[in-house]
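# Geometric and topological summary
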Amino acid sequence: MQTVWNKQQEFVVGVDLGGTKIAAALFDSEGQLLNREQMETAGARTAEEVVARITNMIRSVSGGQPLRGVGMASPGTVNSREGIVIHGTNLPEWTNVPLKAWMERDLHTEVQVLNDANAAAWGEYVRGAGRGSTNMIYVTLSTGIGSGIVLDGKLFLGSSSFAGELGHHIIDPSGPQCNCGSHGCWEVFASGTAIGLAASQRMLTQPSVISELAAAEAGVNAKHVFEAKRLHDPVAVEVIDRAIYYMALGLVNVIHSFNPDRIVIGGGVSRAGELLFPQLREMTDKLVMPSYLGTYEIVPAGLRDDVGLVGAAALFQ
Ligand SMILES: [Zn+2]
């Protein structure tokens, strides 16, 4: 369909589509958030039903204002040039969904679709901790590791718009199997899930305060392990030291590949703050080639839960 540009319009909507919730927000041309709504994804089984919910949310959150555009952050593999969700992780029915075409047909405004990690990277670059950098790598340490690459001030999508899967660069092919099918991907060693799993395994042979910290919850997660590290628990110290070594190893590969001036770390694990960043910077400096020392900074993300929809909306601002 013919793309409709409404550049004279002031307002933009950003949408973050997730496996459990959909969030939508209205922004003005300066990126100021004016209105926000959220709903559960569950209950809408088909892609058509989810898209109908999203378009209703967009109409509601915008109050019927004419829009310059709608930016979408979608999980999984996205062809951003065509606006097609090729495979929606956590959205089982989503295979080759022409999200852009469907939404433009219903909304009569330009729609852009990004993978959620790329949207978050762009959000951090434009509105968050990446502001003022030129070559920025965004890494989200969460259940897995997501990432996005900004080079010379532009989001780098690659030939098929699949670029930025740094979580699946292979650190050790003899390592454990990853969800993607390969062995020893970065996220198998350095994600929040990896930290929780490593602590659980270590606790089989050595008692730890982690078991008390995690008692009220379903399992051990990275937050419990960092809390225990604060208490100088030996298991936690060992597990976090190892995870930080692998985080730094991955970052060194990224630094050697892209020579970024800034690396922005987001996701749940980044909230460990001072228990993470000084040691991560020190280990990265230790492992990187000496000529790179002083060329990059490693900083915590500036935006939190809305980073995906902020970044998607910022495509139009
Ligand atoms: Zn993998």
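Residues numbered from 1 in each chain as written. Predicted model: local features only at pLDDT ≥ 70, side-chain atom pairs only at ≥ 80, totals over all residues. Heavy atoms only, no water.

The next point concerns the nonpolar core. The biggest cluster of nonpolar side chains holds 43 residues, and the ones touching the most others in it are Ile 195, Met 247, Ile 265, Leu 276 and Leu 280. Elements supplying a minimum of two residues to this core: strand S9 (136-141), strand S10 (145-151), helix H4 (186-190), helix H5 (192-202), helix H7 (222-230), helix H8 (234-258), strand S12 (262-266) and helix H9 (277-287). Broken down by element, the residue count for this core peaks at 13 residues, all from H8. Once you skip the residues sitting within four places of it in the chain, Leu 280 turns out to touch Ile 244, Met 247, Ala 248, Leu 251, Ile 265 and Ile 298. Core analysis: the next-biggest nonpolar cluster, separate from the first, contains 28 residues, Phe 11, Val 50, Leu 91 and Val 111 among them. (Core = buried A, V, L, I, M, F, W, Y, C linked by side-chain atoms within 4.5 Å. Buried < 20%, exposed > 50% of the residue type's maximum accessible area, 1.4 Å probe, protein only. Helix = DSSP H or I, 4+ residues; strand = E, 2+ residues; numbered from the N terminus. Contact = heavy atoms within 4.5 Å.)

Time to look at the coordination of the zinc ion. The coordination sphere of the zinc ion contains the protein donors His 168 (ND1), Cys 178 (SG), Cys 180 (SG) and Cys 185 (SG), at a distance range of 2.0 to 2.3 Å. Bound by 4 donor atoms, the zinc ion shows angles of 105 to 122 degrees at the metal and therefore tetrahedral coordination geometry. Positions of the donor residues of the zinc ion along the chain correspond to the pattern H-x9-C-x1-C-x4-C. Residue His 168 is located in the loop between strand S11 (154-155) and H4, and its partner Cys 180 is located in the loop between S11 and H4; the two are separated by 12 residues in the primary sequence. Take Cys 180: its relative accessible area is 43%, and that puts it in the partly exposed class. (Donors = N, O, S within 2.8 Å, 3.2 Å for Na, K, Ca; no water. Tetrahedral: all angles 85-135°; square planar, octahedral: opposite > 155°, others 65-115°.)

Turning to the domain arrangement of the protein, a few remarks are in order. You can read the domains of the protein as domain 1 (11-121 + 307-316) and domain 2 (132-301). Relative to domain 2, the C-alpha centre of domain 1 lies at a distance of 28 Å. The partner domain 2 presents 15 residues to the 13 residues of domain 1 that form the contact. Overall, the association of domain 1 and domain 2 removes approximately 950 Å² of surface from exposure, summing both partners, and the carbon and sulfur fraction of that is 57%. Per-residue buried area on domain 1 facing domain 2 is highest for Arg 81, Asn 118 and Ala 121; these three make up 51% of the total on that side. Put simply, domain 1 and domain 2 have 0 salt bridges between them. The interface formed by domain 1 and domain 2 includes 4 residue pairs in polar contact (both at pLDDT 80 or more). Breaking the side of domain 1 that touches domain 2 down by element, the ones donating at least two residues are strand S5 (77-79), strand S8 (111-115) and helix H3 (116-127). (Domains from an automatic or database assignment. Buried area = accessible area lost by both parts, 1.4 Å probe. Salt bridge = Lys/Arg side-chain N within 4 Å of Asp/Glu carboxyl O. Polar contact = N/O pair within 3.5 Å; in protein donor to acceptor, adjacent residues only side chain to side chain.)

Attention now moves to the sheet that holds strand S7 (residues 95-97). Taken in spatial order, the 3 strands line up as S5-S6-S7 in an open sheet, and their pairing is antiparallel. Because the sheet does not close on itself, it has two edges, and the strands there are S5 and S7. Each adjacent strand pair in this sheet contributes to an overall mean axis angle of 20 degrees, direction not counted. Where S5 meets strand S6 (residues 84-87), 3 bridges bridge the pair, whose relative direction is antiparallel. Counted as the bridge partner of Thr 77 is His 87 from S6. (Pairing = 2+ DSSP bridges. Axes fitted to C-alpha atoms, helices over the stretch in contact; angles between N-to-C directions.)

This next bit is on helix H10 (residues 307-314). Residues spaced three or four apart along an α-helix point in a common direction, a consequence of the helix completing one turn every 3.6 residues. Within H10, 8 of the 8 residues are buried, leaving the element largely enclosed by the surrounding structure. What H10 keeps buried is the set Val 307, Gly 308, Leu 309, Val 310, Gly 311, Ala 312, Ala 313 and Ala 314. In this fold, the buried residues of H10 make contact with strand S1 (11-17), strand S2 (21-27), strand S4 (67-74), H3 and S9.

The calculated volume of the second largest pocket comes to roughly 330 Å³. In terms of lining, the second largest pocket is formed by 18 residues, of which the most central are Asn 221, Ala 222, Lys 223, Gly 268 and Val 269. Every element with two or more residues in the lining of the second largest pocket is listed here: H5 and H7. The greatest single-element share of the lining of the second largest pocket, amounting to 5 residues, is contributed by H7. (1 Å grid on protein atoms, 1.4 Å probe; cavity = no way out; pocket = protein on both sides within 12 Å on 5 of 7 lines; lining within 4 Å. Points joined across faces, edges and corners; volume = space filled by probe spheres on them.)

What follows covers the packing of aromatic side chains. Any pair of aromatic rings gets described here by the distance separating the centres and the angle formed by the planes. Under the defined criterion, the tally for this structure stands at 3 aromatic pairs. Here Phe 189 and Tyr 246 contribute two aromatic rings whose centre-to-centre distance is 4.4 Å and whose plane-to-plane angle is 20 degrees, an arrangement assigned as stacked. Here the residue Phe 189 occupies a position in helix H4, and Tyr 246 occupies one in helix H8, the gap between them amounting to 57 residues. The two residues Phe 189 and Tyr 246 agree in class, both being buried. For the ring pair Tyr 245 and Tyr 246, a centre distance of 5.2 Å and an interplane angle of 65 degrees mean the geometry is edge-to-face. (Phe/Tyr/Trp six-rings, centres within 6.5 Å; stacked < 30°, edge-to-face > 60°.)

A few words on the pattern of salt bridges. In this structure the tally under the stated criterion is 8 salt bridges. The residue Asp 106 makes a salt bridge to Arg 105 at a minimum N-O spacing of 3.2 Å. Two residues, Glu 238 and Arg 202, come together in a salt bridge whose shortest N-O distance is 2.8 Å. Within this pair, whereas Glu 238 is found in helix H8, its partner Arg 202 is found in helix H5, the two being separated by 36 residues in sequence. Through salt bridges with shared partners, one network takes in Lys 100, Glu 104 and Glu 110.

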